[in-house]
Amino acid sequence: MEFPSRSDLDDLIEPQPLPSFARVRYEPETTRIDDPAAAARSEVADLTLSTLDPGARVAVGVGSRGIHALDEVVRAVVSTLDDRGFEPVVVPAMGSHGGATAAGQREVLAALGITEASVDAPIDATMETRELETVTVGETPTTVHFSTAALDADAVVVVNRVKAHTNFTGPIESGLSKMTVVGLGKQRGAKSFHSTAIKEGYVETLEAALDVIREAVPLLAGVALVENFEEETAHVESVEGESFTDREPALLEWAYDEMPTLPFDDVDFLVVDELGKEISGAGMDTNVIGRYRVLNAPDPETPNVKLLYVRGLTEKTKGNGNGVGLADMTRQAAINQLDLQKAYANALTSGSIAKIQLPVVAPDDEFAIRASLVALGGYDPEAVRVVWIRNTQDLTEFRISEALIDELPATAQVVARERLAYEDGTASFEAWNNDRP
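Here the structure is a predicted model, which is why all the values come from computation and not from measurement. (Residues numbered from 1 in each chain as written. Predicted model: local features only at pLDDT ≥ 70, side-chain atom pairs only at ≥ 80, totals over all residues. Heavy atoms only, no water.)

**Examining the sheet that holds strand β2 (residues 57–62)**
- Strand order across the open sheet formed by five strands is β3-β2-β6-β7-β8, with mixed pairing between neighbours. Where the open sheet ends on each side, the last strands, each with one partner, are β3 (87–92) and β8 (233–240). Recorded for the sheet is a direction-independent mean angle of 20 degrees between the axes of neighbouring strands.
- Sheet topology places strand β6 (residues 155–161) next to strand β7 (residues 219–227); six bridges connect them, and they run parallel. Paired with Val157 across the bridge in β7 is Ala221.
- Lying over the sheet, helix α7 (residues 176–183) contacts β2, β3, β6, β7 and β8, oriented at roughly 120 degrees with respect to β6.
- Lying on the sheet, helix α10 (residues 244–258) is in contact with β6, β7 and β8; it crosses β8 at an angle near 175 degrees. (Pairing = 2+ DSSP bridges. Helix = DSSP H or I, 4+ residues; strand = E, 2+ residues; numbered from the N terminus. Axes fitted to C-alpha atoms, helices over the stretch in contact; angles between N-to-C directions. Contact = heavy atoms within 4.5 Å.)

Here's what the structure looks like:
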């Protein structure tokens, strides 16, 4: 498919005066664990494992992207289980990620630093599942699937970060329960879950499926990780398998207190340099951009972002541009990075098809920004509220238009004054007027 070039579009919208910008350093107070692996080792060492015989095979479910020191934590969990006389095997717990193939899921794990050599344990990446039971959630029958690799083990341990979900809010969001139900459900389980959750509610579907899994699977424990504003480990805790839904709400509240967010509730124009699955399951953290775009789930109340422009994909996302549909505008360079097979597998399995719909595709930054500013209506460069971020995970440094400077919190400071410039249509910032207060 061909998109219009600059020569096709230039006469439609006249160039606009640009606001001046400030580069900001934002450093809220956070908590941090210096050695997450040591903390994980201690937590697993303290688990009660008397129900397991020596030499028992323990499936370690893992696979969420963007988690700080995940490879070190997984290595610590595996080695501690081995030290205690068991035989750990790593099982990718990532639903349909990696293109819903065993090779693709191994590739995702390798990108996370998790290989058989690095953790000194086998990896069983089969996509095969077994149907456990069909339960009714609300008025919808739901078949619960579970990884055969995990079912064939004598016990299951999952390792995951507890955090805000990108599709819904509730007492249980992303964490141990979701990894158990959706991640270890593989593609078939993830599809079944999301189909019901969109209609009947995510928490309700999670709880119903988890009850089935607990009855059929020796779900031993989970290693829960909570991260701080800078995406570093703030807390590590082992949770017994029967206590996931009891303990996760408190851990989620902790995660909400620590998670990266913008310090503004109202933004006219948000520019995001890159999206990717290692940044968020939705490509961009929906709690940062204020958009879920999911059926039967209202968007977050804040922030209110009028227009969003995403410029490209990260290298690590390997073409999975799931989340580009959350933007109002993108550019040709981002479209050229898309691997639609991976993105479609992700979006179709989750049921969040809006996340892979294409926004307006501009030929370059210059036209995308020009068109977006005009689309705001009544554009005033002195009053427009623009925020420009690298991605939704890294919010320690970003740029804002002049109108937002007086609203910065005490934990943020202006480190430079800049202006936007273009070279062959590509945007960049250059120092400007730094003698200003």
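The discussion continues.
**Overview of α10**
- Taking 1.5 Å per residue, 15 residues should reach 21 Å; α10 reaches 20 Å between its end C-alpha atoms and fits that length.
- When we look at burial in α10, the residues that qualify are Phe244, Glu248, Leu251, Leu252, Ala255 and Glu258.
- The elements touched by buried residues of α10 are β6, α7, α9 (202–216), β7 and β8. (Expected span 1.5 Å × (residues − 1). Buried < 20%, exposed > 50% of the residue type's maximum accessible area, 1.4 Å probe, protein only.)

**Re the layout of surface pockets**
- Of the voids in this model, the largest pocket is the one considered here, and its volume is about 500 Å³.
- Residue lining of the largest pocket: 24 residues in total, with Gly66, Ile67, Glu278, Lys316 and Gln393 positioned closest to the centre.
- Looking at the lining of the largest pocket, the elements that each hand over two or more residues are α3 (70–83) and α4 (102–111).
- Across the lining of the largest pocket, the residue classes break down as nine nonpolar, five polar and ten charged. (1 Å grid on protein atoms, 1.4 Å probe; cavity = no way out; pocket = protein on both sides within 12 Å on 5 of 7 lines; lining within 4 Å. Points joined across faces, edges and corners; volume = space filled by probe spheres on them. Nonpolar A, V, L, I, M, F, W, Y, C, P; charged D, E, K, R; others polar.)

**Re helix α2 (residues 36–45)**
- Along α2, the residues classified as buried are Pro36, Ala37, Ala39, Ala40 and Val44. The arc enclosing the buried residues of α2, seen along the axis, measures out at 160 degrees, which places them on a common side.
- Those residues of α2 that are buried lie in contact with α3, β7 and β8. (Arc of directions from axis to C-beta.)

**Things to note about the packing of α2 against α3**
- Closest axis-to-axis distance for the α2/α3 pair is 8 Å, and the angle between their directions is 30 degrees. On the basis of their axis angle, the class for α2 and α3 is roughly parallel. Crossing handedness for the pair α2 and α3: right-handed. Of the residues in α3, those in contact with Pro36, Ala37, Ala40, Arg41, Val44 and Ala45 of α2 are Glu72, Val73, Ala76, Val77, Ser79, Thr80 and Leu81.
- Broken down by class, the residue content of the contact of α2 with α3 amounts to nine nonpolar, two polar and two charged. (Parallel < 35°, antiparallel > 145°, perpendicular 65-115°, else oblique. Left-handed = near helix turned anticlockwise from the far one by under 90°.)

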